[in-house]
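# Secondary and tertiary structure notes
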Amino acid sequence: MLGSIAKLLELYPDAKVVIEPSSDPHNYNFLISGQWVTIKKDHLSNREKFLLSLVSQDNNNKSINNQWWNFLVHETDKIPAEKINVRVLQFEVQKLESDDRANEWLSVFEDTFDDVVDSFWINKYTGILIEKETNTNMDKLEVQRMIELVDSDFYTKSHVYVGQFWPVNDKLPNIFDMERQLFHKSLEMKERVNNLSTVILDFLIEQNLKNTDMFKSLKNKIDIDSKTTQMINTLYKCDSNLAKTSKMLFLHRNTLLYRMEKFHEQTGFDLKDRDDLVLCFLLLK
Amino acid sequence: MVEIDLNHIYKRYANAEENNYAVSDFDLHIKDKEFIVFVGPSGCGKSTTLRMIAGLEDITKGELIIDGKYENDTAPKDRNIAMVFQNYALYPHMTVFDNMAFGLKLRKYDKDKIKEKVDYAAKVLGLTEYLDRKPAALSGGQRQRVALGRAIVRDAPIFLMDEPLSNLDAKLRVSMRAEIARLHQELHTTTIYVTHDQTEAMTMADRIVVMSMGEVQQIGTPKEVYESPKNKFVAGFIGSPSMNFFDVHYKDGIVTDSEGLTLKLPEGRSKVLDEAGYDDKDVTLGIRPEDIHAEGAMEETFPEATVESEVVVSELLGATSMLYSRVDGTEFVAIVDARDYHKPGDKVRLTFDLNKAHFFDEKTTDAIR
Ligand SMILES: Nc1ncnc2c1ncn2[C@@H]1O[C@H](COP(=O)(O)OP(=O)(O)OP(=O)(O)O)[C@@H](O)[C@H]1O
Ligand SMILES: [Mg+2]
């Protein structure tokens, strides 16, 4: 699918990969493998426009009339609730059969939480659930179990970003801006339920490093095949414990050492060294 | 009656690099009523493959054919598949009955039909008397059975299970394993079961698909993958404790390693190596712990495959005992009769049954046959 996006961008230089679907009526929006692509209507033929209008997903963010949403996206200063802490769960649901199903899906998902303040869709695929802090809130793993359950009944594939608890005050919209970006980053990740801890590294790298010349040149220097990737990720996951790593990789300890040695010779990075390992781990992100 | 064909299936995730496939060239024909297990280490592509069959992940390249019909683009709900996930959960506010009935209610089945299906599933699983309970009032095993019940009521001809037992404690895991095997015998549902646990694969599967790094390494019955592993990866992954491997040099019917191990091969074995052109070459010798013996009778038969070794660690396991031993610098593990138990530090003569040995090309790691 990445190939398809690349091809699309090549054929239609006007098209853009964007974080949020564009609300400009002069654009069409598409969701391709979890990535929004928007394309300007101006330079398209009528035939193309007709075809695209059939499959594009118009952004109706603008029509959401919800006090929480308006507050979170800075459209109003009116604070929707006081003296409570809330967290925002953002979700994207793929493979829903119909709009009716979407409402059912949301009500079932909502029912699995005890202290929902509000929940609503912000477009065809993504929605928000706001939950009050109590001492019985689900942790990330429990949310994951629930989402698997709901997905298995609806034959859907969902991603959830579980926000932190925050007081409801004038800072919350700014915090939400950041959580919104983290949510979008989390859609690319393997785990389908994420929170600040699981996304932050990937997020920071993308924001600050990934497109720098230094990072790109470094990355080019390392010959990243799947074996190397797996070795580095597993070493990191096992806290550099060689016995554990070789067990997880089903390699003999000496084979692992040999591969680490070879990597050291080729790249100058010594994976036995904690700092070098972390750097290589980040390079793979 | 259902058959599944996976024809040269590839998967690349949207954010992956150009040629970095999570699954490559997965090719498998699944027969009606078969119990297939995908097994392999973490990240090898088991879940990805399963989720492509379920329709939850797009197929990048290749064809999925179910009962002769091209299904790549069929919506998940139309695939006639029931899926059981790793984190079996239940709706906490619903009774057991309603938990099982829920998927059917969503599909607008009529009440009588739902009751009939739920009652049947409850009977099969021994849950009839718990139908009115809430999940909180059930044991872990009962909850897990309700999770299976939720799949059974769908009446789907295909079950997909992604590590359904991996979050259970060891005892419950063994009993649920038996339960799933029994269900399969009773319902004959074509099943694909994903696990990273080779014991689970060996005990449950009609056929095992061993995967590593996105690629199928071998497909075969438990007996086939155990007795004739195609490569060193399969040989090391299947079987517990793992096969012992030795980097050796082969010449004139004799293998030696740099640490002082010398073994003479039986004629049949050396002939295979000679004919495949491995004389005077480095090869990998593999031998399973159960094919190393401590009885004197074995030594009489294979005097030139016997070594004097020192026990490093030993464990007594009822009828057998495990000896982690060393010959000079070479370490290996043997499973011997409990009578041949030895303490660490003891010297023990161990015989390699080289008729059961495996040889692998040092570079390609393919089995030499
Ligand atoms: N949504 C995703 N986005 C990007 N890469 C992914 C995604 N899901 C899985 N992968 C990658 O694809 C490869 C195969 O993953 P998969 O989950 O299929 O493995 P698995 O065999 O099920 O492993 P495990 O035992 O950990 O569940 C891994 O390298 C993984 O990081
Ligand atoms: Mg998996």
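The name that an unreviewed UniProt entry assigns to chain B is Multiple sugar ABC transporter ATP-binding protein, with the source organism given as Companilactobacillus paralimentarius DSM 13238 = JCM 10415.

Going by what an unreviewed UniProt entry lists, chain A is known as Regulator and is assigned to Companilactobacillus paralimentarius DSM 13238 = JCM 10415.

This next bit is on the overall build of chain A. Secondary structure assignment for chain A yields 12 helices and 9 strands. The principal-axis extent of the C-alpha atoms belonging to chain A is close to 60 × 55 × 40 Å. Residue burial in chain A is summarised as follows: out of 285 residues, 46% are buried. In chain A, once contacts between residues fewer than 6 apart in sequence are set aside, the share between residues at least 24 apart is 61%. For chain A, the distance from the average site of its 36 positive side-chain charges to the average site of its 44 negative ones is 6 Å.

In terms of helices and strands, chain B carries 10 helices and 20 strands. Taken over the C-alpha atoms alone, chain B extends approximately 75 × 45 × 35 Å along its principal axes. Within chain B, the proportion of its 369 residues that are buried is 53%. If you take every contact in chain B between residues at least 6 apart in sequence, the share linking residues at least 24 apart comes to 67%. On chain B, roughly 16400 Å² of surface is accessible, and the fraction owed to carbon and sulfur atoms is 48%.

How big an interface is tends to be stated in terms of accessible area lost as the parts join. Segmentation of chain A into domains returns domain 1 (5–61), domain 2 (67–208) and domain 3 (223–283). When each unit is reduced to the centre of its C-alpha atoms, the spacing between domain 2 of chain A and domain 3 of chain A is 35 Å.

This brings us to the sheet that holds strand E15 (residues 292–293) of chain B. Residue and element names in this part refer to chain B. Sheet architecture is open: 5 strands sit in the order E15-E19-E16-E17-E18, paired in antiparallel fashion. Since the sheet does not close on itself, it has two edges, and those belong to E15 and strand E18 (330–337), each with one partner. One ladder, built from 8 bridges, connects strand E17 (residues 320–327) with E18; its direction is antiparallel. In the sheet register, Arg326 faces E18, and the bridge partner there is Glu331.

So, about the interface of chain A and chain B. At the junction of the two partners, chain A supplies 33 residues and chain B supplies 35 residues. Between chain A and chain B, roughly 3300 Å² of surface is buried when both sides are summed, and carbon and sulfur atoms account for 51% of that area. Broken down residue by residue, the surface that chain A buries against chain B is led by Asp153, Tyr155 and Phe250 of chain A, which jointly contribute 21%. Here chain A is connected to chain B by 5 salt bridges. The salt bridge involving Asp58 of chain B is made with Lys95 of chain A; its shortest N-O contact spans 3.4 Å. Counting across the interface, chain A meets chain B through 13 residue pairs in polar contact (both at pLDDT 80 or more). Of all the elements in the fold, those that place two or more residues in the side of chain A that touches chain B are helix H1 (2–11), helix H4 (99–111), helix H5 (140–154) and helix H9 (226–237) of chain A. If you tally residues by element for the side of chain A that touches chain B, the top one is H5 of chain A, at 10 residues. Its residues assigned to classes, the side of chain A that touches chain B shows 11 nonpolar, 8 polar and 14 charged.

Following the UniProt record, one finds the feature "domain: PucR C-terminal helix-turn-helix" (unreviewed entry) at residues 232–284 of chain A. Taken end to end, residues 232–284 of chain A is 74% helix and 0% strand, and its first and last C-alpha atoms sit 9 Å apart.

Structurally, the position occupied by Ser158 of chain A is in strand E7 (residues 157–162). At a separation of 2.7 Å, a polar atom in the side chain of Ser158 of chain A contacts the side chain of Asp151 of chain A.

Before going further, it helps to spend a moment on a negative patch on the surface. All names here are of chain B. Among the surface-exposed residues, Asp247, Asp274, Glu275, Asp279, Asp280 and Asp282 lie close enough to one another that they form a single negatively charged patch. Tracing the backbone through its elements, the reader meets Asp282 in strand E14 (residues 281–287). Taking the relative accessible area as the measure of exposure, Asp282 reaches 40% and is therefore partly exposed.

The full set close to ligand 1 counts 14 residues, and Ser42, Gly43, Lys46, Ser47 and Thr48 of chain B are the nearest of them. Neighbouring residues of ligand 1 are distributed over chains A and B. The separation between a nitrogen atom of ligand 1 and a polar side-chain atom of Tyr13 of chain B is 3.3 Å. Taking Thr48 of chain B, its side chain carries an N or O atom lying 2.4 Å from an oxygen atom of ligand 1. Relative to its free-state accessible area of 630 Å², ligand 1 is covered by the protein chains to the extent of 75%. Class assignment for the residues of the shell around ligand 1 results in 4 nonpolar, 6 polar and 4 charged.

Take the packing of helix H2 (residues 96–106) of chain B against helix H3 (residues 111–125) of chain B next. Geometry of a packed helix pair, given as the angle between the helix axes and the separation of the axes. Residue and element names in this part refer to chain B. Following both chains from N to C, one finds H2 and H3 inclined at 135°, their axes separated by 10 Å at the closest point. If you check the angle between H2 and H3, you find them oblique. Note on packing geometry: the crossing formed by H2 with H3 is right-handed. Together, Phe97, Met100, Ala101, Leu104 and Lys105 of H2 and Ile114, Lys115, Lys117, Val118, Asp119, Ala121 and Ala122 of H3 make up the contact between the two elements. The class makeup of the residues in the contact of H2 with H3 is 8 nonpolar, no polar and 4 charged.

Residue and element names in this part refer to chain A. With their axes 9 Å apart at the nearest point, H9 and helix H10 (residues 242–249) run at an angle of 135° to one another. Here H9 is positioned oblique relative to H10, judged by the angle of their axes. The handedness of the crossing between H9 and H10 comes out as right-handed. Counting all contacts with H9, which are made through Gln230, Met231, Thr234 and Leu235, the residues of H10 involved are Leu242, Thr245, Met248 and Leu249. Looking at the contact of H9 with H10, its residues break down into 5 nonpolar, 3 polar and no charged.

Residue and element names in this part refer to chain B. If you look at the biggest cluster of nonpolar residues, it comprises 45 residues, and the most contacted ones within it are Met100, Val118, Leu148, Ile180, Tyr193 and Val210. Per-element tally for this core: the top contributor is H3, with 6 residues. With near-sequence residues (within four places) excluded, Val210 lies in contact with Val39, Glu215, Val216, Gln217, Gln218, Val225, Phe233, Val234, Phe237 and Ile238. Counting residues in each nonpolar core, the second largest holds 31 residues, with Leu265, Phe302, Ala334 and Ile368 among its members.

Close approach of charged atoms lets side chains of opposite charge pair. According to the stated counting rule, one finds 34 salt bridges over all chains in the structure shown. A salt bridge links Lys77 of chain B to Asp78 of chain B, with the nearest nitrogen and oxygen atoms 3.0 Å apart. Lys77 of chain B gets classed as partly exposed once you look at its relative accessible area, which sits at 28%. Taking the relative accessible area as the measure of exposure, Asp78 of chain B reaches 44% and is therefore partly exposed. The closest approach of N and O atoms between Lys363 of chain B and Glu362 of chain B, which form a salt bridge, is 3.9 Å. On the accessibility criterion, Lys363 of chain B (71% relative accessible area) is exposed. Residue Glu362 of chain B is classed as partly exposed on the basis of its relative accessible area of 39%. Linked by salt bridges that have partners in common, Glu97, Arg101 and Glu104 of chain A together with Arg107 of chain B make up one network.

How each quantity is defined
- Residues numbered from 1 in each chain as written.
- Chains lettered and ligands numbered in written order.
- Predicted model: local features only at pLDDT ≥ 70, side-chain atom pairs only at ≥ 80, totals over all residues.
- Heavy atoms only, no water.
- Helix = DSSP H or I, 4+ residues; strand = E, 2+ residues; numbered from the N terminus.
- Buried < 20%, exposed > 50% of the residue type's maximum accessible area, 1.4 Å probe, protein only.
- Contact = heavy atoms within 4.5 Å.
- Lys, Arg positive; Asp, Glu negative; His and termini not counted.
- Charge placed at Lys NZ, Arg CZ, Asp CG, Glu CD.
- Areas by Shrake-Rupley, 256 points an atom, 1.4 Å probe, with all protein chains shown as cover.
- Domains from an automatic or database assignment.
- Pairing = 2+ DSSP bridges.
- Buried area = accessible area lost by both parts, 1.4 Å probe.
- Salt bridge = Lys/Arg side-chain N within 4 Å of Asp/Glu carboxyl O.
- Polar contact = N/O pair within 3.5 Å; in protein donor to acceptor, adjacent residues only side chain to side chain.
- Nonpolar A, V, L, I, M, F, W, Y, C, P; charged D, E, K, R; others polar.
- UniProt positions renumbered as here; feature names shortened; annotations may be inferred.
- Patch = residues over 30% accessible without salt bridge, like charges linked within 9 Å, V, L, I, M, F, W, Y side chains within 5 Å.
- Near = heavy atom within 4 Å.
- Axes fitted to C-alpha atoms, helices over the stretch in contact; angles between N-to-C directions.
- Parallel < 35°, antiparallel > 145°, perpendicular 65-115°, else oblique.
- Left-handed = near helix turned anticlockwise from the far one by under 90°.
- Core = buried A, V, L, I, M, F, W, Y, C linked by side-chain atoms within 4.5 Å.

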